[in-house]
Amino acid sequence: MALDVLLIGSGGREHALAWKLRQSPELGRLFAAPGNPGIASVADCVALDPADQSAVVAFCRENAIGLVVVGPEVPLVAGLADTLRDAGVAVFGPSAAAAQLEGSKGFTKDLCARKSIPTARYRRFKDAAEAKAYIEAEGAPIVVKADGLAAGKGVTVAATVEEATRAVADCFAGGEADVEVVVEECMTGPEASLFCLCDGDMALPFGTAEDHKRAYDGDRGPNTGGMGAYSPSGLMTPEMTERAMREIVRPTLEGMREMGTPFRGVLYAGLMLTAYGPKLIEYNVRFGDPEAQVLMMRLESDLLPILHTAATGSLSGVEPRWSPDPAVTVVLAANGYPGAVTKGTPIGALPAEGEGEIVFHAGTALRDGALVANGGRVLNATARDADVKRAIAKAYALVDRIDWPDGFCRRDIAHRAAG
Ligand code: AMP
Ligand code: GLY
């Protein structure tokens, strides 16, 4: 029987998920809330506010939705998956309690300590003076993180004690009573991302990628949500993946089960491959953006039954198939991103897409029928090819055919993989 699906979100990640779901022979209708003009080419976009949980439940009932797929973390941390499950609607995504793995750095660090999961040494502080005293005792470099969701902006890797104490002061500057900071050891090594689908009991490795977090070429400039990605990560060999599963991901799933808050959904482990082995930098409880774009380009299996199984059953025996060909995505962002950007700048007709090429929409909108930019990260030029050099060339050839004078991109995405 065909499954009707509601996808929550409006970014490039959700366009990639919608594009992939649309290819499923098991899909009935596909709705997206709120979606974007790219998603509208493969789904019915509905004006439904994901923060209005009872409206989402009512929509699912009226439309006999068989599966809700939640893209971003904010509705998960707010408990949308709990509300849907309580209403008897199948949902791919963790409960609010399990989403603390992303929502609270302190929660995750405590779990790591309990389960002996390798990660940076840390202390949690609710008092600025105590945090500063600890920083002075530890010395620099040192890392300061604000607890809670910060859209990639809550972390300061401080080269000096002064910079670290300034970051602590900034965290407490708002004067809120419940502020907490985590101060941790600065780790060194290359970074990679490991994605796992989880059914509450087991975790299934579901692809690897490397992101480019800084705004400008050569990893310079401010941190962003991600300026480009490629998959697979050359660092995540089968041995490294198995080690990370054994030392990091599986103990996490076990710890969540022991607490009575089993994890269902995507667990995205941000790893640092240190001289002492893989260590956890952080967890996210959803697909990466733009990492999902490259994963979906490489996934050969039907995504829909896999997500439905993770949401409702057991992943035991599920074996996703991947193209061996690498995929690369280049983010086109509005000038000024990650700072203030101008919305509404016009985007010319998008180029024709060849084999293994797609322009995913992130922050776009239609104004009087014409495509305009509507956010910081706007388009994702994505390509797959037989080797990473060709995939890079193809992605940038696509970038160069996009007519949007008010945007910029990095020119070195995936170059570290090309050698
Ligand atoms: P996060 O938002 O936790 O992913 O952190 C953003 C970036 O800060 C990471 O991708 C790392 O490059 C860096 N980072 C976070 N924690 C540490 C750490 N303990 N040591 C070194 N770098 C870190
Ligand atoms: N690209 C990083 C993230 O999705 O968190």
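Predicted, not measured: the structure shown is a model, and the values here were computed from it.

Colleague: Would you mind showing me how to read the overall build of the protein chain here?
Modeller: In terms of helices and strands, the protein chain carries 13 helices and 22 strands. For a compact globule of 419 residues, the expected C-alpha radius of gyration is about 22 Å, and the protein chain comes in at 21 Å, within 12% of that figure. Among the 419 residues that make up the protein chain, the fraction classed as buried is 57%. Contacts in the protein chain between residues far apart in sequence, at least 24 positions, make up 69% of those at least 6 positions apart. As presented, the protein chain carries roughly 16700 Å² of accessible surface, and 51% of it is formed by carbon and sulfur atoms. Separation of charge centres in the protein chain, based on 41 positive and 54 negative side chains, amounts to 2 Å.

Colleague: Can you walk me through the environment of Gly-28 in this structure?
Modeller: Its location among the elements puts Gly-28 in strand S2 (residues 27-34). The exposure class assigned to Gly-28 is partly exposed, which follows from its relative accessible area of 23%. Between the C-alpha atoms of Gly-28 and Asp-4, which are 24 residues apart in sequence, the distance is 4.8 Å. Setting aside anything within four residues of it in sequence, one finds Gly-28 in contact with Ala-2, Leu-3, Asp-4 and Arg-22.

Colleague: How should I be thinking about the nonpolar core in this particular structure?
Modeller: Side chains that are nonpolar tend, in soluble globular proteins, to be buried together. Core analysis: the largest hydrophobic core is formed by 46 residues, its most contacted members being Leu-6, Val-68, Leu-84, Leu-101, Leu-194, Phe-263 and Leu-271. Those residues in contact with Leu-271, other than ones at most four positions away along the chain, are Pro-190, Glu-191, Ala-192, Leu-194, Met-236, Ala-244, Ile-248, Lys-279, Leu-280 and Ile-281. Ala-32, Leu-299, Ile-306 and Phe-360 belong to the second-largest nonpolar core, a separate cluster that totals 42 residues.

Colleague: When you look at the packing of aromatic side chains in this model, what are you seeing that I'm missing?
Modeller: A complete count under the given rule lists seven aromatic pairs for this structure. Ring centres of Phe-31 and Phe-59 lie 5.1 Å apart, and the angle between their planes is 85°; this geometry places the pair in the edge-to-face category. Within this pair, whereas Phe-31 is found in strand S2, its partner Phe-59 is found in helix H2 (residues 53-62), the two being separated by 28 residues in sequence. Looking at Phe-31, the relative accessible area reads 7%, which means it is buried. Taking the relative accessible area as the measure of exposure, Phe-59 reaches 11% and is therefore buried. An aromatic cluster of at least three residues, connected via ring pairs, comprises Phe-206, Phe-287 and Trp-322.

Colleague: What is the right way to read the sheet that holds strand S1 (residues 3-9) from this model?
Modeller: Here we have five strands laid out as an open sheet, ordered S3-S2-S1-S4-S5, and parallel in their pairing. Of all the strands in the sheet, just strand S3 (44-45) and strand S5 (91-92) have a single pairing partner and so form its edges. Two elements, S1 and S2, share six bridges in a ladder whose sense is parallel. Paired with Val-5 across the bridge in S2 is Leu-30.

Colleague: I'm lost on the sheet that holds strand S9 (residues 181-185) in this one. Help?
Modeller: Two orientations exist for strands paired in a sheet by backbone hydrogen bonds: parallel and antiparallel. Ordered by their spatial adjacency, four strands build an open sheet running S6-S9-S7-S8, and the pairing between neighbours is antiparallel. Edge positions in the open sheet fall to strand S6 (122-125) and strand S8 (155-158), since each of these has one partner strand only. Across this sheet, the average inter-strand angle for adjacent strands is 20°, counted without regard to direction. Where S6 meets S9, four bridges bridge the pair, whose relative direction is antiparallel. Opposite Arg-124, over in S9, you have Val-182 as the bridge partner. Sitting on the sheet, helix H7 (residues 128-138) is in contact with S6, strand S7 (142-146) and S9, with an inclination near 160° to S6.

Colleague: Whenever I open this one, the site of ligand 2 confuses me. Can you help?
Modeller: In the vicinity of ligand 2, the contacting residues are Asp-211, Gly-225, Tyr-268, Asn-284, Arg-286, Gly-288, Asp-289, Pro-290 and Glu-291. At a separation of 2.9 Å, a nitrogen atom of ligand 2 approaches a polar backbone atom of Asp-289. Coverage of ligand 2 by the protein amounts to 89% of the 200 Å² it exposes when considered alone.

Colleague: Explain the site of ligand 1 to me, please; I cannot follow it from the model alone.
Modeller: Not every one of the 15 residues close to ligand 1 is listed here, only the nearest: Glu-184, Glu-185, Met-187, Glu-191 and Glu-282. Glu-184 is positioned with one of its side-chain polar atoms (N or O) 2.7 Å from a nitrogen atom of ligand 1. Alone, ligand 1 offers 470 Å² of accessible surface; in the complex the protein occludes 91% of this. Looking at the shell around ligand 1, the elements that each hand over two or more residues are S7, S8, S9 and strand S16 (277-284). Residues that form the shell around ligand 1 fall into these classes: eight nonpolar, no polar and seven charged.

Criteria and cut-off values
Residue numbering note: each chain is counted from 1, following its sequence as written. Labels are handed out in written order, letters beginning with A for the chains and numbers beginning with 1 for the ligands. For this predicted model, a pLDDT threshold of at least 70 governs which residues receive local features, and a threshold of 80 or more governs which side-chain atom pairs are given and counted, while totals over whole chains, interfaces and linings are taken from all residues. Values shown for side chains rest on all heavy atoms present in the structure; no hydrogens or waters enter the calculation. Under the DSSP-based scheme used, a helix requires at least four consecutive residues in state H or I and a strand at least two consecutive residues in state E, with every element numbered from the N terminus. Values of the radius of gyration come from C-alpha atoms, whereas the globule rule sets the reference at 2.2 Å times the count of residues to the power 0.38. Three exposure classes are used, based on accessible area relative to the maximum for each residue type with a 1.4 Å probe and protein chains only: buried under 20%, partly exposed in between, and exposed over 50%. Every residue pair with non-hydrogen atoms within 4.5 Å of one another is taken to be in contact. The Shrake-Rupley method, run with a 1.4 Å probe, gives the accessible areas here. Residue values count only the displayed protein chains as cover. By the counting scheme adopted, Arg and Lys are positive, Glu and Asp are negative, and His together with the chain ends is not counted. Where a charge lies is defined by one atom per residue type: Lys uses NZ, Arg uses CZ, Asp uses CG and Glu uses CD. As used in this record, nonpolar core signifies buried Ala, Val, Leu, Ile, Met, Phe, Trp, Tyr and Cys residues forming a set joined through side-chain atoms within 4.5 Å. Note on aromatic contacts: the rings of Phe and Tyr and the six-membered ring of Trp form a pair at centre separations within 6.5 Å, being stacked when their planes are under 30 degrees apart, edge-to-face when over 60 apart, and tilted otherwise. Only when DSSP finds a minimum of two bridges between them are two strands counted as paired. Convention adopted: a line fitted to C-alpha atoms gives each axis, helices being fitted over their contacting stretch, and angles between N-to-C directions are expressed from 0 to 180 degrees. A molecule or strand has a residue near it when one of that residue's heavy atoms lies within 4 Å. Each polar contact in these results corresponds to two N or O atoms within 3.5 Å; when the atoms are within protein, one needs to be able to donate a hydrogen and the other to accept it, and residues that are neighboring in sequence are counted only if both atoms are side-chain atoms. Nonpolar residues are Ala, Val, Leu, Ile, Met, Phe, Trp, Tyr, Cys and Pro. Charged residues are Asp, Glu, Lys and Arg, and all others, Gly as well, are polar.

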